[in-house]
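Structural characterization, general
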Amino acid sequence: SLNKIIVALIRAVPGIINSMVVMIIFMCIFAILSVDLFGKFGETGTFTNIFNETVPLITARGTTYGQEYYGTFFRALYTLFQVMTGESWSEAVARPTLFGYVNPQIGAVLTGLFYVSFIIITQIIMINVRRAAQFAATPAHLSPHSSDARVRPSPLRSWSPCCSRRWSRRTRRR
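A separate point is the pattern of salt bridges. Applying the stated criterion across every chain, the model contains two salt bridges. Residue E68 pairs with R61 through a salt bridge whose shortest N-O separation is 2.2 Å. Relative accessible area serves as the criterion here: at 61%, R61 is assigned to the exposed category. For E91, the salt bridge identified is with R95, shortest N-O distance 3.2 Å. Of the two residues, E91 and R95 are both situated in helix α4 (residues 89-99); the distance of four residues between them amounts to about one turn of the helix.

We now examine the environment of N128. Counting through the fold element by element, N128 comes out in helix α5 (residues 104-136). According to the relative accessible area criterion, N128 is partly exposed, its value standing at 39%. Separated by 109 residues in sequence, N128 and S19 have C-alpha atoms that sit 9.6 Å apart.

Now for the side chain of T97. Mapped onto the elements of the fold, T97 is located in helix α4. Residues within four places of T97 in sequence aside, it is in contact with F38, F41, Y70, T111 and Y115.

Calculation notes
- Residues numbered from 1 in each chain as written.
- Predicted model: local features only at pLDDT ≥ 70, side-chain atom pairs only at ≥ 80, totals over all residues.
- Heavy atoms only, no water.
- Salt bridge = Lys/Arg side-chain N within 4 Å of Asp/Glu carboxyl O.
- Buried < 20%, exposed > 50% of the residue type's maximum accessible area, 1.4 Å probe, protein only.
- Helix = DSSP H or I, 4+ residues; strand = E, 2+ residues; numbered from the N terminus.
- Contact = heavy atoms within 4.5 Å.

Following this line, the structure appears as structure tokens:
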């Protein structure tokens, strides 16, 4: 019934809150790292790409990429929230930092490890921890795989002579 579902959701709230606190801690750690790693990215307003062309690194709002996305802790936290939700993070956020370092090989490896580890931790591990906390609070009688779940008798047993117990006993005696 609806009451059992609401009770199960209410029981799941403490576990979900705990998993969200752990996720926020991870996001804050990565935000601090990203301010340090990417905060000064594109300070000059340009970078030289692999074809030795100078490319401007100014956003639509007139600031550099590093300052706009990672300039302060809260900007970095918001940018990492954008990355976590998957909203145009690759093209708008990760790709400029991936290709814009002075030493592109080291910068690409560092940036790749940063974003891949962040996505693995927040989108895969922590979301599954939240789901586990929610399912752990579900009562056994609501779970379809529970051993306590009642098995309803087959509707055939009530009307079919070949499947009912009474009919089977009569046929054995004859």
